[in-house]
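So the chains spell out like this:
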Amino acid sequence: MKSNNHLKPQDVVVLLKLISSFGERSWRYSDLAKALKISQSEAHAAIKRAEACHLYDSLTKRPIRANLAEFLLHGMPYAFSASPGKMAVGIPTAHSAPVLNKSIISNENDQYVWPSRLGKTKGLAIEPLYPVVPNICVKDAALYEMLALVDAVRAGRAREKELASKLIRERLGVA
């Protein structure tokens, strides 16, 4: 029998979407799928994997924020690490995104981007957690902030990781 408890990168996107868009409101798989441009079965499978990994509570229909914070801050750099690649044009992420770029000063040769025809910033390419991330983040500021912070943890240097970790905890409401 095949085990279905191995978290996939898109599962993190799904959990962050639940927090950023639905908060404490009820949600449906169809709404989640439409917002993330994935199928309902993909959304359902992501929730089931997150539940198996103790990141989602099926009784409350909510991500378990403390567990999710722990995973984002300490598991992501190992499970879904990211390294800057070749120069590309795209949407700023990590320390280059608006959520961090006022606090982390970097030169134009040290920008990180998700490659995308929707972006205009030139920088080092960071692979997004899921291919649709750049497209959905253009229209979803709250999710964009969270995913950029997660990228700072995945690919950043010590100072960037420290600031991103603090902001992730604040946004998730955990100490």
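Residues numbered from 1 in each chain as written. Predicted model: local features only at pLDDT ≥ 70, side-chain atom pairs only at ≥ 80, totals over all residues. Heavy atoms only, no water.

A. Geometry of the side chain of serine 165. Assignment of secondary structure puts serine 165 in helix H7 (residues 158–172). Judged by relative accessible area, serine 165 falls into the buried class, the value being 18%. Excluding residues within four positions of it along the chain, serine 165 makes contact with Leu73 and Val153. (Helix = DSSP H or I, 4+ residues; strand = E, 2+ residues; numbered from the N terminus. Buried < 20%, exposed > 50% of the residue type's maximum accessible area, 1.4 Å probe, protein only. Contact = heavy atoms within 4.5 Å.)

B. Region of interest: the packing of helix H2 (residues 29–36) against helix H3 (residues 40–52). Interaxial distance between H2 and H3 falls to 8 Å at its minimum, and their mutual angle equals 105 degrees. For the element pair H2 / H3, the angle class is roughly perpendicular. Seen from H2, the contacting residues are Tyr29, Ser30, Leu32 and Ala33; seen from H3, they are Gln40, Ala43, His44 and Ile47. Here the contact of H2 with H3 is built from residues that sort into five nonpolar, three polar and no charged. (Axes fitted to C-alpha atoms, helices over the stretch in contact; angles between N-to-C directions. Parallel < 35°, antiparallel > 145°, perpendicular 65-115°, else oblique. Nonpolar A, V, L, I, M, F, W, Y, C, P; charged D, E, K, R; others polar.)

C. Representation of the pattern of salt bridges in the model. Scanning all chains against the criterion turns up nine salt bridges. Between aspartate 151 and arginine 154 there is a salt bridge whose closest N-O contact spans 2.6 Å. With aspartate 151 and arginine 154 both in helix H6 (residues 141–155), this residue pair falls three residues apart, about one helical turn. Considered together, aspartate 151 and arginine 154 belong to a single accessibility category, that of buried residues. Salt bridges here are not isolated pairs; linked through shared partners, they connect Asp110, Arg157 and Glu160. (Salt bridge = Lys/Arg side-chain N within 4 Å of Asp/Glu carboxyl O.)

D. Layout of the packing of aromatic side chains. Per the stated rule, a full pass over the model turns up three aromatic pairs. Taken together, a centroid distance of 5.0 Å and an interplanar angle of 80 degrees make the contact between tryptophan 27 and tyrosine 29 edge-to-face. Taking 5.7 Å as the distance between ring centres and 55 degrees as the angle between the ring planes, the aromatic pair formed by tryptophan 114 and tyrosine 144 counts as tilted. Residue tryptophan 114 is found in strand E4 (residues 112–115), and its partner tyrosine 144 is found in helix H6; the two are separated by 30 residues along the sequence. On the accessibility criterion, tyrosine 144 (15% relative accessible area) is buried. (Phe/Tyr/Trp six-rings, centres within 6.5 Å; stacked < 30°, edge-to-face > 60°.)

E. The arrangement of the nonpolar core in detail. Of all hydrophobic cores here, the largest spans 59 residues; its most connected members are Val12, Leu16, Leu72, Leu147, Ile168 and Leu172. Contributions of two or more residues to this core are made by helix H1 (9–22), H2, H3, helix H4 (65–79), E4, helix H5 (133–137), H6 and H7. In terms of residue count, the dominant contributor to this core is H6 (10 residues). Each residue touching isoleucine 168, except ones within four places of it in the same chain, is listed here: Leu72, Leu73, Met146, Leu149, Val150 and Val153. (Core = buried A, V, L, I, M, F, W, Y, C linked by side-chain atoms within 4.5 Å.)

F. Fine view of unusual backbone geometry. Despite not being glycine, lysine 37 has its phi angle at roughly 55 degrees, a positive value. Within the secondary structure, lysine 37 sits in the loop between H2 and H3.

G. Summary view of the environment of serine 26. With respect to the helices and strands, serine 26 occurs in the loop between H1 and H2. Taking the C-alpha atoms as reference points, serine 26 and valine 12, 14 residues apart in sequence, are found 19 Å from one another.

H. Summary view of the pairing of strand E5 (residues 121–125). Pairing analysis gives four bridges linking strand E3 (residues 87–92) to E5, with the strands arranged antiparallel. Note that in E5 the partner of glycine 90 across the bridge is threonine 121. (Pairing = 2+ DSSP bridges.)

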